[in-house]
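Listed below are the residues making up each chain.
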Amino acid sequence: MNMNILVADDNTDNLYQLQTLLSGNGFTVVTAANGAEALEKARQTPPDLIMSDVLMPTMDGFTLCRNWMQDARLKNIPFVFYTATYTDESDRDFALSLGAQRFIVKPEEPDVFVRTIREVIENVASAPPGTLTPPASPTPPQAPGATPQEEETGYLRQYSGVLVRKLGKKIEELQITRLALERDIADRKRAEEALRASETQYRKIFDVCPDGILFADIETKAFSSANPALCRMLGYTEAELTKMGMADIHPKESLAHVAAEFERQARGEKTLAVEIPCRRKDGTVIYADINTASVTVHGRTYNEGFFRDVTDRKRAEAALSASEVRYRRLFESAREGILIVDAVTGTIVDVNPFLIDLLGYSREQFLSKKVWELGFLKNVIANPESVLEFQRQEYVHYEDFPLKTADGRRIDVEFISNTYIVDRKKVIQCIVRDITERRRSEKEIRTLAKFPSENPGPVLRIARDGTLLYVNEAGMRLLPDWRLQVERPAPGMLQEVVFSALRSKTVQEVEIEHGGRVYLFHVAPIAEDNYANLYGRDITERKRVEEEMRFKNAILSTQQEVSIDGILVVDEDGAIVSSNRRFAEMWGIPSDVIESKSDDRVLQSVMDKLADPVEFMTKVKRLYESRDETSREEVALKDGRTFDRYSAPMLGTPGKYYG
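Residues numbered from 1 in each chain as written. Predicted model: local features only at pLDDT ≥ 70, side-chain atom pairs only at ≥ 80, totals over all residues. Heavy atoms only, no water.

In terms of residue burial, strand E16 (residues 459-463) counts as a mostly covered element, since four of its five residues are buried. Turn length for the E16-strand E17 (residues 468-471) hairpin, with the two strands adjacent in sequence and antiparallel, is four residues, and the turn residue Gly466 shows positive phi of about 95 degrees. (Buried < 20%, exposed > 50% of the residue type's maximum accessible area, 1.4 Å probe, protein only. Helix = DSSP H or I, 4+ residues; strand = E, 2+ residues; numbered from the N terminus. Pairing = 2+ DSSP bridges.)

See the structure below:
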């Protein structure tokens, strides 16, 4: 059977030799001068096998293999590396971890080489569809379970490490060639030609490398060479960079850290420095992962740094972190219960405070248990099969579901579950809404509906067209100015709320002032009969109490603001609940710090004003750890002032802790 083999190599002699050998053994051979050309030809006409060198311009063999394995049409076609640029066993492991079937090191005996190619093709032909795997089991670029972003970062770091070794090896070869030239004058011309060819190959890699490359003298930290990618990255020309040093391309405030990392790399203690800030020519700051190798040229030692711009990755990680913080805040502050369950094992992985408070169980009683072990959910998730059913349905909704709390009380809840993917893991999110109060109100409405004539509050029935169909005696007595008459139009404000309730098919509420009193009307739509029942309740006293509370709060707020003492209230989560202007003035705290509501920011802003900040922070920490403690002490400032600080817990009724 005629088999098509695609060969990628930038050396024309190698291509000719491989084409001759393979064609002579019955294979059809297509050649490509680099990885990009090979990928384009393969996508147009997929081969039966691809053979590739490692170091090539435009796209090297490792990048070609990675793109090959990410292409749905190509990933099941065997990939074989055939290279003479072999450095050590980790290169072979890295190649196989990318998905290659073989890593053959030149030179290889022709019959052994052809036999190996045939074995690869036969193995693939006999394997079940979609099961193509390398023969060995090298360490993968990233541990299983890693996020796509972590996998990409792991691959890029291994790729940079391999490239550093190969270029370092190439530089060592150049040094050996130069020494050989000095020892053997008779072979000077041949050696010079070999050196030029080697330098040309190195320069080709140096110029086309997608990472920025920079040589820095270990002693002076001055730059001697930079490739085009680094020039584009920083906005300088190579001529400009060779007149600069380490201090010129890094922010001043980061120089100490950058210098320390540089020295550790120079001593061989590490090769990779992550997220190093670099200042571009236009003043903007980017971040780079810098992988280094130590090389010696003309008797001087350099750090050869490979710069990979990770600014976008860093921003994405920051955005992800911020998103996770926002989610956590919503999760913790949600006014409905949330339970997160591993959809595969049924294990509870998270529960929010609302559900803990609602049911009266501790957090420990939830976490690490199987969801069917929670007695209060046994009616819906009784066993592992129930979890599988929840996965299959993806969305489950129980409108009226009874639960028992830890102390035996029954509460009515609305139960909703959704199945979705988080970090490539399937989870079930259960939402529990307490509808006990809503059920109580609905029951009250139904009770009132049975006895409208006996209701002490106004009861009206109004049709969709605004006609008053019924009014009880209390309504006639309490709302005399409306001159209510059955079969006549109801007041306009009531017509509007009735129409809205019928349209939305939901119970609505409206407050109405009449005759010096305030009434709260529950508007219950009876959609099938095109009318709504209105049940009024006198809430005048409640409104008076609410207004009195608002007035008292206004007085307290004013007293706090005009106090000659500085006042600060912080809750147990480190958030500022309240503060007055005098507090900010005493400490000289900027308004944006106060407005951030962050106690951490406030503390940081006053550290440089304290005579003994360490003692101050120790006492603050003790106060936060012992929230019932009351203390009074003097706080000395550097400017000679002394503050009398009094700290005490804020307790509400009955004994609720506020900060």
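Turning to the environment of Val602, a few remarks are in order. Looking at the secondary structure, you find Val602 in helix H21 (residues 599-606). In this structure, the C-alpha to C-alpha distance between Val602 and Ile589, residues 13 residues apart in sequence, is 7.2 Å. In this structure, Val602 is in contact with Ile576, Phe583, Ile589, Val593 and Ile594, ignoring residues within four places of it in sequence. (Contact = heavy atoms within 4.5 Å.)

Let's shift gears to the side chain of Glu414. In this structure, Glu414 sits in strand E14 (residues 410-422). Engagement of the side chain of Glu414 in a polar contact is seen with the side chain of His397, the distance being 2.7 Å. Those residues in contact with Glu414, other than ones at most four positions away along the chain, are His397, Tyr398, Glu399, Ile431, Val432, Arg433, Ile435 and Arg438. (Polar contact = N/O pair within 3.5 Å; in protein donor to acceptor, adjacent residues only side chain to side chain.)

Throughout the structure, instances matching the rule amount to 36 salt bridges. The residue Arg313 makes a salt bridge to Glu275 at a minimum N-O spacing of 3.7 Å. Remark: Glu275 occurs in strand E8 (residues 272-279) and Arg313 occurs in helix H11 (residues 311-333); sequence separation between them is 38 residues. Looking at Glu275, the relative accessible area reads 26%, which means it is partly exposed. Between Lys619 and Glu633 there is a salt bridge whose closest N-O contact spans 2.8 Å. Residue Lys619 is located in helix H22 (residues 613-625), and its partner Glu633 is located in strand E23 (residues 631-636); the two are separated by 14 residues in the primary sequence. Each of the salt bridges in this network shares a partner with another, and the network as a whole consists of Glu261, Arg264, Arg267, Glu269 and Lys270. (Salt bridge = Lys/Arg side-chain N within 4 Å of Asp/Glu carboxyl O.)

Between helix H2 (residues 35-44) and helix H3 (residues 61-69), whose axes approach to 9 Å, the crossing angle comes to 25 degrees. Classed by the angle they form, the pair H2 and H3 counts as roughly parallel. As for how H2 packs across H3, the hand of that crossing is right-handed. Residues Gly35, Ala38, Leu39 and Ala42 of H2 form the contact with H3, whose own contacting residues are Leu64, Asn67 and Trp68. Its residues assigned to classes, the contact of H2 with H3 shows five nonpolar, two polar and no charged. (Axes fitted to C-alpha atoms, helices over the stretch in contact; angles between N-to-C directions. Parallel < 35°, antiparallel > 145°, perpendicular 65-115°, else oblique. Left-handed = near helix turned anticlockwise from the far one by under 90°. Nonpolar A, V, L, I, M, F, W, Y, C, P; charged D, E, K, R; others polar.)

Per the counting criterion, the structure on display carries 10 aromatic pairs. Considering the side-chain rings of Tyr82 and Phe113, the 4.6 Å spacing of their centres and the 45 degrees angle between planes classify their relative orientation as tilted. Residue Tyr82 is found in strand E4 (residues 79-83), and its partner Phe113 is found in helix H5 (residues 110-126); the two are separated by 31 residues along the sequence. For the residue pair Tyr82 and Phe113, the accessibility class agrees, reading buried in each case. Ring geometry for Phe215 against Tyr302: centres 6.5 Å apart, planes inclined by 80 degrees, an arrangement best described as edge-to-face. Residue Phe215 is located in strand E6 (residues 212-217), and its partner Tyr302 is located in strand E10 (residues 300-309); the two are separated by 87 residues in the primary sequence. (Phe/Tyr/Trp six-rings, centres within 6.5 Å; stacked < 30°, edge-to-face > 60°.)

So, about the sheet that holds E10. Pairing is antiparallel across the open sheet formed by five strands, whose spatial order is E7-E6-E10-E9-E8. The open sheet has two free edges, formed respectively by strand E7 (223-226) and E8, since each of these has just one partner strand. Ignoring strand direction, the axes of neighbouring strands in this sheet form an average angle of 35 degrees. Here helix H10 (residues 255-266) sits on the sheet and contacts E6, E8, strand E9 (285-297) and E10; the angle it forms with E8, its principal contact strand, is near 140 degrees. Across the sheet, H11 is in contact with E8, E9 and E10; its angle to E9 comes to roughly 135 degrees.

Spatially, E2-E1-E3-E4-E5 is the arrangement adopted by the five strands of the open sheet, whose pairing is parallel. Each edge of the open sheet is held by one strand with a lone partner, namely strand E2 (27-32) and strand E5 (102-105). On average, adjacent strands in this sheet sit at an angle of 20 degrees to one another, irrespective of strand direction. Pairing between strand E1 (residues 3-8) and strand E3 (residues 49-52): four bridges, direction parallel. Bridge pairing in E3 places Val7 opposite Met51. Relative to the sheet, helix H1 (residues 12-24) contacts E1, E2, E3 and E4, its axis offset from that of E2 by approximately 165 degrees. Relative to the sheet, helix H4 (residues 89-97) contacts E4 and E5, its axis offset from that of E5 by approximately 145 degrees.

If you look at the biggest cluster of nonpolar residues, it comprises 28 residues, and the most contacted ones within it are Phe62, Leu64, Trp68, Phe79 and Phe81. Those elements that place two or more of their residues in this core are E1, H2, H3, E4 and H4. Broken down by element, this core gets its largest block of residues, five residues, from H3. Look past the residues within four positions of Trp68 in its chain and what remains in contact with it is Leu39, Ala42, Pro47, Ile50, Leu74, Lys75, Ile77 and Phe79. Counting 24 residues, the second-largest nonpolar core is a separate cluster that includes Val341, Ile381, Val413 and Phe415. (Core = buried A, V, L, I, M, F, W, Y, C linked by side-chain atoms within 4.5 Å.)

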